[in-house]
Amino acid sequence: MKAIRVNEHGGPEVLSYEDVELPDPGPGEARIRLAAAGVNYIDTYQRTGLYPKETPFTLGLEGAGEVESVGEGVEEFSPGDYGAFAMAPGAYAEYVNVPADQLVPFNVTLVEARMAAAVMLQGMTAHYLSHSTFPLEEGQTALVHAAAGGVGLLLCQMAKMRGATVIGTVGTEEKAKLAREAGADEVILYTRQDFVEETRRLTDGEGVHVVYDSVGKDTFDGSLDCLRPRGYLVLFGASSGPVPPVDLQVLNQKGGLYVTRPSLGQYTATREELLWRAESLFSWMGSGNLNVRIGGTYNLADAAQAHRDLEGRKTTGKLILIP
Ligand code: NDP
């Protein structure tokens, strides 16, 4: 089968479209014929080596498609079923063997397989951020950075479902429009405006209850200054680079603030939690309550271009690869 391999760490040019062998699914595994693979920022970290992973490997963690065969002991899935996953390696490929306990079944007549691939990782991330890490409540205000990004557009929608007021930050006017369509009540162009000043102004000087910050290095300090006393900074990404070490005394000086740095794996650790989050997404998509925007569709062979666009801040919503 064809797959995108990383033989050495580096820029997008190291992504190599190759023929590879796929063994039969092992015990507990299901083989999926991928309808699409999702592109995520974490794929760029694995490509560059920022997140260590031994080479060579097939890139990609997210996808969906039809179950072709199952290994010993798999009872929940049979050939012909459809399944989606967010945290199983080897998704930039035509086929992948996935541990069946990582696979979420979906009804392909209600949710198209490409859409299932598009929503899993960023959707469950937006879900845990808004429902578990800082469970938003009616009347609270959230600041969402990169609000027109893959996670951003979904997080705006979920924050609105929970009754919060949402302030989004974005890089361009086009992105501002998308963030507003996703429910953001106010949008700040942080490439032109001082987002701290604007957030203070929009909250009558009080600050927000929570900042969801995926941008990292460039926004972290400002994000602390956007919070009301005892507010929460949820740092969940590093799109502009990792945040340097923090002097904890700063949290005291700025109002007894909280900071957490969560990952999806911690919030999908049990099968029950994984299914709760993923099935909530599929149900909202089926009923038209969650809009998943596919901002770019690429052939699998063009994965490098998808990475260039994502890292170049050129994209909105979700990018998918079609084998
Ligand atoms: P996005 O679609 O949000 O793309 C990144 C966006 O970040 C850009 O479009 C850009 O939007 C903004 N950005 C700001 N500064 C920079 C910069 N210097 N370089 C590049 N982009 C910049 O990506 P994803 O939705 O896939 O992921 C967003 C972040 O969330 C990533 O950091 C990712 O690692 C993290 N993440 C974390 C998870 C977790 O569980 N901890 C799970 C999933 C994602 P603009 O032009 O509007 O500024």
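Rules and cut-offs
- Residues numbered from 1 in each chain as written.
- Predicted model: local features only at pLDDT ≥ 70, side-chain atom pairs only at ≥ 80, totals over all residues.
- Heavy atoms only, no water.
- Helix = DSSP H or I, 4+ residues; strand = E, 2+ residues; numbered from the N terminus.
- Expected span 1.5 Å × (residues − 1).
- Buried < 20%, exposed > 50% of the residue type's maximum accessible area, 1.4 Å probe, protein only.
- Pairing = 2+ DSSP bridges.
- Contact = heavy atoms within 4.5 Å.
- Near = heavy atom within 4 Å.
- Polar contact = N/O pair within 3.5 Å; in protein donor to acceptor, adjacent residues only side chain to side chain.
- Areas by Shrake-Rupley, 256 points an atom, 1.4 Å probe, with all protein chains shown as cover.

1. Considering helix α2 (residues 113-133)
Turning to step 1, where the next piece is worked out: In this model α2 runs 29 Å from its N-terminal to its C-terminal C-alpha over 21 residues, within 8% of the 30 Å that 1.5 Å per residue would give.
Turning to step 2, where the next piece is worked out: Taking burial as the measure, the 21 residues of α2 include 18 buried ones, the bulk of the element.

2. Some remarks on the sheet that holds strand β2 (residues 15-19)
Turning to step 1, where the next piece is worked out: Ordered by their spatial adjacency, 3 strands build an open sheet running β2-β1-β4, and the pairing between neighbours is antiparallel. Here the strands that pair on one side only, and so sit at the sheet edges, are β2 and β4 (57-58).

3. What about the environment of Arg33?
Turning to step 1, where the next piece is worked out: Position of Arg33 relative to the elements: it lies in strand β3 (residues 29-39).
Turning to step 2, where the next piece is worked out: Classification of Arg33 by relative accessible area gives partly exposed; the value is 40%.
Turning to step 3, where the next piece is worked out: Setting aside anything within four residues of it in sequence, one finds Arg33 in contact with Ala64, Gly65, Glu66, Glu68, Glu94 and Tyr95.

4. A word on helix α3 (residues 150-161)
Turning to step 1, where the next piece is worked out: Helix length check: α3, at 12 residues, gives a terminal C-alpha distance of 18 Å against a target of 16 Å (1.5 Å per residue), a fit within 8%.
Turning to step 2, where the next piece is worked out: Among the 12 residues in α3, 10 count as buried, and that is most of the element.
Turning to step 3, where the next piece is worked out: Along α3, the positions that sit buried rather than exposed are Gly150, Val151, Gly152, Leu153, Leu154, Leu155, Cys156, Gln157, Met158 and Ala159.
Turning to step 4, where the next piece is worked out: Taken from the residues just after α3, Gly163 is the one with a positive phi, measuring 90°.

5. Some points on the site of the ligand
Turning to step 1, where the next piece is worked out: Around the ligand sit 29 residues, and of these Tyr128, Lys175, Tyr190, Phe236 and Arg313 come closest.
Turning to step 2, where the next piece is worked out: The contact in question runs from an oxygen atom of the ligand to an N or O atom on the side chain of Tyr128, over 2.7 Å.
Turning to step 3, where the next piece is worked out: Within the backbone of Ser214, one N or O atom sits 3.3 Å away from an oxygen atom of the ligand.
Turning to step 4, where the next piece is worked out: Coverage of the ligand by the protein chains reaches 92% of its 910 Å² of free accessible surface.
Turning to step 5, where the next piece is worked out: For the shell around the ligand, the secondary-structure elements that each account for two or more residues are α1 (41-48), α2, α3 and α9 (303-311).
Turning to step 6, where the next piece is worked out: If one sorts the elements of the shell around the ligand by residue count, α2 sits on top with 4 residues.

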